[in-house]
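Here is what each chain is made of, one letter per residue.
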Amino acid sequence: MTVPVLQVQALRAYYKISSFGLDREVRAVDDVTFHVNANEIYGLAGESSCGKTTLIRTIAAATKPPLRVVGGSIVFNFAGRAVDMQKADDDTVAAVRWKHLSYIMQGSMSVLNPVRRVERSFVDFAFRHVGRRMAEFLDIVSDHLRRLDLSPDILSAYPHQLSGGMRQRVAIALATVCRPEFIIADEPTTALDVIVQNGVLAMIRDVQKELGSSLIFVTHDLAVHANLCHRLGVMYAGRLVEEGGTREMFRAPLHPYTAHLVASLPRIGNTEPKKGLEGTPPNLADPPSGCRFHPRCPLAREVCRAQVPPMVEVAPGRRVACFAVTPPARAA
Amino acid sequence: MPPLLEVADAHRVYSLGSIFSRHRLRAVDGVSFTMEADKPEIFTIVGESGSGKTTLARMILNMVRPSSGAIRFRGQDLSQIRGGQARLAFMKQVQPIFQNPFEAFNPLKKVDRYLFMTARHIAGLTATTEIEAATDEALRNVGLSLGEIRGRYPHELSGGQLQRIAIARSLISKPALIVADEPVSMVDASLRMSIVNLLRRLRDGMGVSIIYITHDLATAYYISDRIIIMNKGRVVESGAARAVLDNPQHPYSIRLKQAVLSPEAAGSAGTLLAESAAAAGQ
Amino acid sequence: MRVVLDLFRYNREFAIGVVLLGFVVIFAALSFFSPFPPNDAFVVPPDVPPSWAYPLGTTSRGQDVFWLLTFAIRNTLLFGLAVALISRILSLVIGLVAGYAGGIVDRVLMSLNDTFIVIPLFPILVLFYFVMRDKMSWGLLALAMSCLGWAYDARLIRSVAMSLRTREFTETSIFSGMSMRQILTQEHLPYVMPIVFSTLMNNMNWSIGLEVTLSVLGFTDINTPTIGVMIYWANQHTALVAGIWWWILFPVLLVVIAFVGLFLLAVSMNEHIDPRSRLNRVTG
């Protein structure tokens, strides 16, 4: 059994807000456990305020107050060396960043410096990791771009001269130039048009295959997950509610929330009526007791309000946290 | 009876750039279509960013003047609408729904205020009882009620609720036409279908015609009667919605449909995605 | 009200500003208890240094510095407040209308605005004095200064108004049937008020400074006691040379306290103004 590239164990990350005498604790990530294997794309699905963005930030060790990791661990395994990002010192984190762990964000402009040429961004991020002289480094970068079907001429362009889709591709090239083992992608195609999105997703697929890296792909768009990811995890209100291989998750979802999400996807060629879900997403500062989905769940029972359903492995690689699927064990 | 809405060869050109290099952007480049008054329908405009669909919507709402061509509502050219009274009369019949439910209302103000304002100024009601009754009725049409919404601020409500309140607000004056610009793209997936279904109910139950603007072909397939596909300001294909989407003819429409990701491909791990460079056509 | 209390408790600059300004205001309020009418001269022995009988000393004109100062600071503050208020109203109206209406209205108003910005204040005010001479009054001067003090902030307000104009809730308001006047006062004003409040303090400092300068040089009505006028008379009697230091020190000290208090208040309002932090507080 190979060691997973990322192992997240019982992670809790809360926002502790105290402004002008008002104290609030937003439980953005509450007891999340999962792992990502080598050479795999793991999709993280969920709607707004489900905690996936906070989870990503925590994994990337980019937490700033008022966000604080309250419990649990995040351990990477880079080429046989275990790195606990929470406990690592600043030097280790800086050495790891970009060389072993990189990210692709939603707004490419948040990565590319708008007032410098694209080449500058590559130098800023990757030069120190590659460790060669500038001329050699630029050759490596140009090769990398060519392999990704991008012309090396983009290096001399400014970000605003490129289209949104092109900028995102440059961001992907930037994130992969050091051949990292783990890439975090946070809604990289959400703001792009459908046709452009297709191209960018294909590029991500190609890059992942070539480098053999692992990817966490975060998006609320289930159709993207269906088409790209190997495994999928669904989050609701700060907790992971279901996880499994993409095909089974879509063919036979177990958790009522996943089932609803899959069933309510409109498809071309299909005019069957679809229903919306009752209720509203919960307030993470004051979440419902027990299973956080119970106020909106068609299968909710007494026990769902009282206890938090544990994540149970119902088949190899398939986990779900729901009392309707795995009834609570009776006291002996 | 004059048609409800007649868009006759509408153009909108923007002149950009500096003194030395002016560059004309043809946001809307000759669009024409007609909607009949006695046949409520959901008319969908599909396009990606830069296709001109939002500019077209703003022209129909009389927020932007066409550079050439005409837009007529119930036979009256929109450019003839001058003066406060005429504008109010127009807004009584044509109302918008915007994309971002969180931006649709002033974060510092209560949401019920806009409903009351609409009832007072656009629907012309005066007595408080009348205003509250009209507001409550509109809210019930969207699955909410005045009791739930009264006194609440935007940040206390979810995107789905806010969008529904925005729809309720547009319904208060019992308009004949609602222009919805990407009404569900910023709403959570679990709440999206209830709003899409609501739009259908408005057409069937209240006889309201809806112009539904979107980039999402799947929801367009689900509720549209007719559809036009726009690219770079021009209409490339139009017709009955299901017919066009089942069998697109124009190369752009075909590419658009191919690019739509289907959940049926689950587990394909990217094999169904087109070749990266070719599909993007960069 | 809760906001003010919160600011007082959590923001040290605000608290200090309030204390300083409060002290000055109380000082000014004491003028209502003065045993001497402000313009009377030679009511007490002249040139007496600070002592128990006369805590801040007396002037060469036989006036008690303490009681004179209460009148002086009161008039100076009132003047500053009057100018600031009138010019705020001007900059609000012009800024909001220019930002919202756009087009030709905006261009005309902004040309007007830029003209007023480049006018050199001091020579104009001196000219004003020479033209008005006998008919010069504090009210007229306040009006003149307000007309010169609105330009900078009008542009600031205009840029906020312009950004608000493009936000979607403005369009919702339009389609709810609200008129431009209603939208400006009910929807946009709450966003602009914090800026207005902060620039009010700045403007007060500016107008007080200008008044003191003009008065010291004698370009105002020197029969009404203000801080500047006090210093003017002190200069006329060559107080510093004669060693009557208390005649100059105490007015200067008091006006500096007022300045610093107003400045701290203006600065601490900036954190409160920032729309992001405001919305954070609204959403709790």
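Since we're looking at a predicted model, the values are computed, not measured.

Participant: How should I be thinking about the overall build of chain A in this particular structure?
Facilitator: Regarding its fold elements, chain A presents ten helices and twelve strands. Compactness check: chain A gives a C-alpha radius of gyration of 21 Å against a globular reference of 20 Å for 332 residues, within 12% of the reference. Its C-alpha atoms give chain A principal-axis dimensions of about 70 × 50 × 50 Å. Looking at chain A as a whole, 45% of its 332 residues qualify as buried.

Participant: What's the story with the overall build of chain C in this structure? I'm lost.
Facilitator: When you go through chain C residue by residue, the secondary structure sums to 13 helices and zero strands. For chain C, the α and β elements follow one another from N to C terminus as α-α-α-α-α-α-α-α-α-α-α-α-α. Seen through its principal axes, chain C has C-alpha atoms that stretch 75 × 50 × 25 Å. Residues classed as buried in chain C amount to 40% of the 284 residues present. Considering only contacts within chain C whose residues lie at least 6 apart along the sequence, 70% involve residues at least 24 apart.

Participant: In this structure, what is going on with the nonpolar core? I would like to understand it.
Facilitator: The nonpolar side chains of a soluble globular protein tend to be buried, and buried together. Ile-60, Val-179, Ala-180, Leu-199, Ile-210 and Ile-211 of chain B together with Ile-73 of chain C are the most contacted members of the largest nonpolar core, which totals 152 residues. No other element matches helix H3 (residues 65-101) of chain C, which puts 17 residues into this core. In contact with Leu-199 of chain B, not counting residues within four places along its chain, are Ile-42, Ala-180, Ile-210, Tyr-212 and Ile-223 of chain B. Membership of the second largest hydrophobic core comes to 93 residues, among which are Cys-50, Ala-61, Met-85 and Met-235 of chain A.

Participant: Mind showing me how you'd approach the sheet that holds strand S1 (residues 5-17) of chain B here?
Facilitator: Backbone-to-backbone hydrogen bonds join strands into a sheet, with any given pair of strands oriented parallel or antiparallel. Residue and element names in this part refer to chain B. Ordered by their spatial adjacency, four strands build an open sheet running S2-S1-S4-S5, and the pairing between neighbours is antiparallel. With partners counted over all chains shown, the strands left at the sheet margins are strand S2 (22-35) and strand S5 (76-77), one partner each. Relative to S2, S1 is paired through eleven bridges, and the arrangement is antiparallel. Residue pairing in the sheet places Ser-15 in a bridge with Arg-24 of S2. Sheet contacts for helix H1 (residues 53-60): S1, S2 and strand S4 (68-73); angle to S2, the most-contacted strand, approximately 60 degrees.

Participant: What am I meant to see in the interface of chain A and chain B here?
Facilitator: You'll often see interface size given as the accessible area lost when the parts meet. Taken together, the contacts link 45 residues of chain A with 45 residues of chain B. For the side of chain A that touches chain B, the elements supplying multiple residues, two or more each, are helix H5 (164-176), helix H6 (194-211), helix H7 (222-228), helix H8 (246-251) and helix H9 (256-263) of chain A. If you tally residues by element for the side of chain A that touches chain B, the top one is H6 of chain A, at ten residues.

Participant: Would you mind going over the pairing of strand S3 (residues 42-46) of chain B with me for this structure?
Facilitator: For a regular strand, the rule is simple: side chains alternate between the two faces of the sheet. All names here are of chain B. The element S3 is largely enclosed, with a buried count of five among its five residues. Burial of the side chains of S3 extends over both faces: Ile-42, Thr-44 and Val-46 are buried on one face and Phe-43 and Ile-45 on the other. Relative to strand S8 (residues 209-214), S3 runs parallel, the two being bridged by five bridges. Paired with Ile-45 across the two strands is Ile-213, which belongs to S8. Relative to strand S9 (residues 226-231), S3 runs parallel, the two being bridged by four bridges. Of the residues in S9, the one forming a bridge with Ile-45 is Ile-228.

Participant: What should I look at first to understand the packing of helix H5 (residues 121-132) of chain C against helix H6 (residues 138-149) of chain C in this one?
Facilitator: Each pair of packed helices can be described by the angle between their axes along with the distance between the axes. Residues and elements named next belong to chain C. Between H5 and H6, the shortest axis-to-axis distance is 11 Å and the interhelical angle comes to 150 degrees. Classified by the angle between their axes, H5 and H6 sit roughly antiparallel to one another. Seen from above, H5 lies across H6 with right-handed handedness. Here H5 contributes Leu-121, Ile-124, Leu-125, Phe-128 and Met-132 to the contact with H6, which in turn contributes Leu-140, Ala-144 and Leu-148. In the contact of H5 with H6, the residues fall into eight nonpolar, no polar and no charged.

Participant: Would you explain the environment of Ala-237 of chain A in this entry?
Facilitator: Residues and elements named next belong to chain A. Here Ala-237 is to be found in the loop between strand S9 (231-236) and strand S10 (239-245). For Ala-237, a count of 23 C-beta atoms within 10 Å puts it in the buried group. Aside from chain neighbours lying at most four places away, what touches Ala-237 is Cys-50, Pro-282, Leu-284, Pro-287 and Arg-292.

Participant: Just to check I follow, could you spell out the packing of H5 of chain A against H6 of chain A for this structure?
Facilitator: All names here are of chain A. Two elements in contact, H5 and H6, have axes separated by 10 Å at closest approach and are oriented at 10 degrees. Relative to H6, H5 is oriented roughly parallel. Crossing angle aside, the handedness with which H5 passes H6 is right-handed. On H6, the residues touching Gly-164, Gly-165, Gln-168, Arg-169, Ile-172 and Thr-176 of H5 are Val-196, Gly-199, Val-200, Met-203, Ile-204, Val-207 and Leu-211. In the contact of H5 with H6, the residues fall into seven nonpolar, five polar and one charged.

Participant: I'm lost on the sheet that holds strand S3 (residues 41-45) of chain A in this one. Help?
Facilitator: Residue and element names in this part refer to chain A. Read across the open sheet, the eight strands follow the order S6-S7-S8-S3-S9-S10-S12-S11; overall the sheet is mixed. Every interior strand has two partners, whereas the edge strands, strand S6 (101-104) and strand S11 (312-315), have only one. Sheet twist, expressed as the mean angle between neighbouring strand axes with direction ignored, is 25 degrees. Each of S6 and strand S7 (182-186) touches H5; the most contacted strand, S6, lies at about 175 degrees to it.

Analysis parameters
Residues numbered from 1 in each chain as written. Chains lettered and ligands numbered in written order. Predicted model: local features only at pLDDT ≥ 70, side-chain atom pairs only at ≥ 80, totals over all residues. Helix = DSSP H or I, 4+ residues; strand = E, 2+ residues; numbered from the N terminus. Rg over C-alpha atoms; globule rule 2.2 N^0.38 Å. Buried ≥ 20, exposed ≤ 12 C-beta atoms within 10 Å, placed from the backbone. Contact = placed C-beta atoms within 7 Å. Core = buried A, V, L, I, M, F, W, Y, C linked by C-beta atoms within 7 Å. Pairing = 2+ DSSP bridges. Axes fitted to C-alpha atoms, helices over the stretch in contact; angles between N-to-C directions. Parallel < 35°, antiparallel > 145°, perpendicular 65-115°, else oblique. Left-handed = near helix turned anticlockwise from the far one by under 90°. Nonpolar A, V, L, I, M, F, W, Y, C, P; charged D, E, K, R; others polar.

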